[in-house]
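Now for the letters of each chain:
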Amino acid sequence: MPPRRLRLALVLAALAGAGLAGCSRWPSERPSAPRQEVARAGDAAPQRPSGPSRLPPASSAPAPGAAPQEPAPPGRPLLRITDRAALAELEAAGLDFGSVLTGAPRAPASLAALSRTPELASVSRVLSEDLRQVQRADPRSGTSVARHAHRLFDERWLSAESARFELIGVVNRMDRRSFHASGCGETRLVYRLAYAAKSLAGARSRLPMTAAFELLAPAPTPADDARSCRRLAEAWSRAGALSGPDLARFLTSPGGPLARPAVDRANLSRLVVNLQSVRWPSTVRPDLGGHAEYVLRAFRWDGRAGRYAPLALENTPDVARIARDPRQRERLRAWLSAPENLARLDRGTALLPDEFLATKALSATPHGLARRVNRPFRVLFEPGDFGGVDFGGLSRVRSPEGLIRRLDQMTCPGCHQSGSVAGFHLLGEEDPARAHDALHTSESAHLAGDLPRRRAVVEAIARGAAPDDEVPYPERGDGARGGYGARCGLGDPSFAGWTCAEGLVCSAYDAPREDRTTVGVCLPAAPEIGDPCQVGAVVPHADPHRDRAAAVQARACPPAAVCNTSPVGFPGGMCTGSCGALPEEGVCGAIAVLDPFNRCLARGTLFTECLSRHVAPAGLRRCSTEDPCREDYVCARTSSGEGACIPPYFLFQLRVDGHAVP
């Protein structure tokens, strides 16, 4: 396809009315599929709610005529479960969203019925008010693609007959032990909002919203001391040899990591929610390649009131309140500067006192930590505020810039915008039969890169040894390889060890002017397919609506490739070639052709059907879990089964707009 025609074919969802729709190290090793191994969400300070649990015992009985498979001796520990068959078995065994939320057996799956319970109603009321606040502040926001330039999440999905929260992951977080006064870390159950209904002409999709229960792994008894943590680590290690129904039966059997005592609501630390509240297409924000905002919330179960109540977010300051109160800001600065707290911040194990914390946070994409809304400490403080701090003796935080960036990445928005998939870290494996509008890699670069560290913690506990609880920067771990798209140092001493692999250079790319000596991104010295082709500093503001890209300059693409720009939905631009002569880093993908795709949608045809009919081939960057895309791009499934890097909002399931009316 000639370059000009190819470029026209790539003008897509960013145009109005059309579109394809948790923190630490880059790995030296990666897991292989199927994945049974969420990222740490910046959430609330741990509390153990009161009130009895009504969750029924999970069935451990084998299928008729079969016996549970005997688990193998301890080996490599299971860190997270994303296998669809095993998750379905766990839901059937009592870990469905409604049963965990309400603590009641046989809770309804449909949100139409579940929304009438006090448990979901109390959560939905808070989220609905968050959405109404967006509308009150922004008259251009609304749920209609045709009438609203800023597309709002349709709150009717929270009570729709066709909607449910689907279990997409179970995550072993024994590495979180240091964040709790007692216990063996956490176990997390992660759910994603999805819908499927005959009344919607067969429409079926997931939506950009996750809800996760963070359960405290039971604390050791005085007689047992740390032996119960060792038994839990051994159980996760035995589970690593199982899969499917056998895995689910072992996990929920007596003594298993998901047996009833472990999943009782009495052990619930918090329920966390990540919701894409509004999305602006790139025609509205052409310089940034579009704009999306996410509401981050945490809730605790209040047994006396019989409802879920908002809870403070872990390590996330209330920027507006602290900025208005100079004395509180100074108390926070003094707390951060204290040597004992600096040591914990350096290790990544500090917990900010409750008096400074917010109960709600916003994050924004694209351009990650170049956006000030994702860096609340950078809004509150300048590097000069820590000019007198002694950083000697610290291993990671070696400068005021390093301290502020470390603080920001320990917050909810900073964590969710570090190496994420459009603000998420785990999105769930796709149906293998789904050939269009599907993710090839459902976990973020941060999550994949942090697994070796988490594995080392569980293995140490299983051996009876003291684990290393230190947590590297979410953007990049200790000793990481500095591959394509990795974060790298631009001169500041805190990031001096963040070098790039051979053939890559550290580029400031979109870094704000004041951050151009801190952290950049590893990119090829010579341009390749998938590279940015529009380089310009983000000019950040505390209000994300006022962010902009300035002095944008064209960056060369390889021969026979074209630059698809931010105004058509490619943040920072992306070099795209032809499928006829693909380089080693390229793969043939498909992107919607503008006019026929728009006409198809206008006729009311399902999004996936329009996508299957009206696409053009394009040479895109190849990707996988081992080789992630650069930030602001996701690894989508191609017709050949390989992964290709595309903007996230070209996938229907990652955007709030264009879905059928609930």
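Rules of the game
- Residues numbered from 1 in each chain as written.
- Predicted model: local features only at pLDDT ≥ 70, side-chain atom pairs only at ≥ 80, totals over all residues.
- Heavy atoms only, no water.
- Disulfide = S-S within 2.5 Å.
- Helix = DSSP H or I, 4+ residues; strand = E, 2+ residues; numbered from the N terminus.
- Buried < 20%, exposed > 50% of the residue type's maximum accessible area, 1.4 Å probe, protein only.
- Axes fitted to C-alpha atoms, helices over the stretch in contact; angles between N-to-C directions.
- Parallel < 35°, antiparallel > 145°, perpendicular 65-115°, else oblique.
- Left-handed = near helix turned anticlockwise from the far one by under 90°.
- Contact = heavy atoms within 4.5 Å.
- Nonpolar A, V, L, I, M, F, W, Y, C, P; charged D, E, K, R; others polar.
- Salt bridge = Lys/Arg side-chain N within 4 Å of Asp/Glu carboxyl O.

Asker: Is there a simple way to think about the state of the cysteines in this case?
Answerer: Going through the model one piece at a time under the given rule, you end up with eight disulfides. Note on cysteine connectivity: Cys533 is disulfide-linked to Cys563, with sulfurs 2.0 Å apart. Sign of the S-S torsion, about 80 degrees for the bond between Cys533 and Cys563, identifies this disulfide as right-handed. Of the two residues, Cys533 is situated in the loop between strand E13 (519-524) and strand E14 (534-539) and Cys563 in strand E16 (residues 562-564); the sequence distance between them amounts to 30 residues. By relative accessible area, which is 1% here, Cys533 ends up buried. The partner cysteine of Cys623 in its disulfide is Cys635, sulfur to sulfur 2.1 Å. Linking Cys623 and Cys635, the disulfide has an S-S dihedral of approximately 95 degrees and is accordingly described as right-handed. With Cys623 in strand E19 (residues 615-623) and Cys635 in strand E20 (residues 634-637), the pair connects residues that are 12 residues apart, well separated along the chain. The two residues Cys623 and Cys635 agree in class, both being buried. Left without a disulfide partner, Cys412 is nearest to the cysteine sulfur of Cys415, which lies 7.6 Å away.

Asker: What's the story with the packing of helix H6 (residues 227-239) against helix H7 (residues 244-252) in this structure? I'm lost.
Answerer: In a pair of packed helices, the angle between the axes and the distance between the axes together describe the arrangement. Where H6 meets H7, the axes come as close as 10 Å, and the angle between the chain directions of the two elements is 165 degrees. Considered as vectors, H6 and H7 are oriented roughly antiparallel to each other. For the pair H6 and H7, the crossing hand works out as right-handed. Residues Ala235, Trp236, Arg238 and Ala239 of H6 pack against Leu247, Phe250 and Leu251 of H7. A breakdown of the residues in the contact of H6 with H7 according to their chemical character gives six nonpolar, no polar and one charged.

Asker: For this particular structure, what's the right way to read the pattern of salt bridges?
Answerer: Side chains that differ in sign of charge can pair as their charged atoms come close. Scanning the entire structure with this criterion turns up 48 salt bridges. For the salt bridge of Asp287 with Arg285, the shortest nitrogen-to-oxygen distance reads 3.1 Å. With a relative accessible area of 25%, Asp287 lands in the partly exposed category. Residue Glu631 pairs with Arg487 through a salt bridge whose shortest N-O separation is 3.2 Å. In this pair, Glu631 sits in the loop between E19 and E20 while Arg487 sits in strand E11 (residues 487-489), placing the two residues 144 residues apart along the sequence. Each member of the pair Glu631 and Arg487 is classed as buried. Counted as one network, the salt bridges with shared partners bring together Arg176, Glu186, Arg188, Glu214, Arg270 and Glu314.

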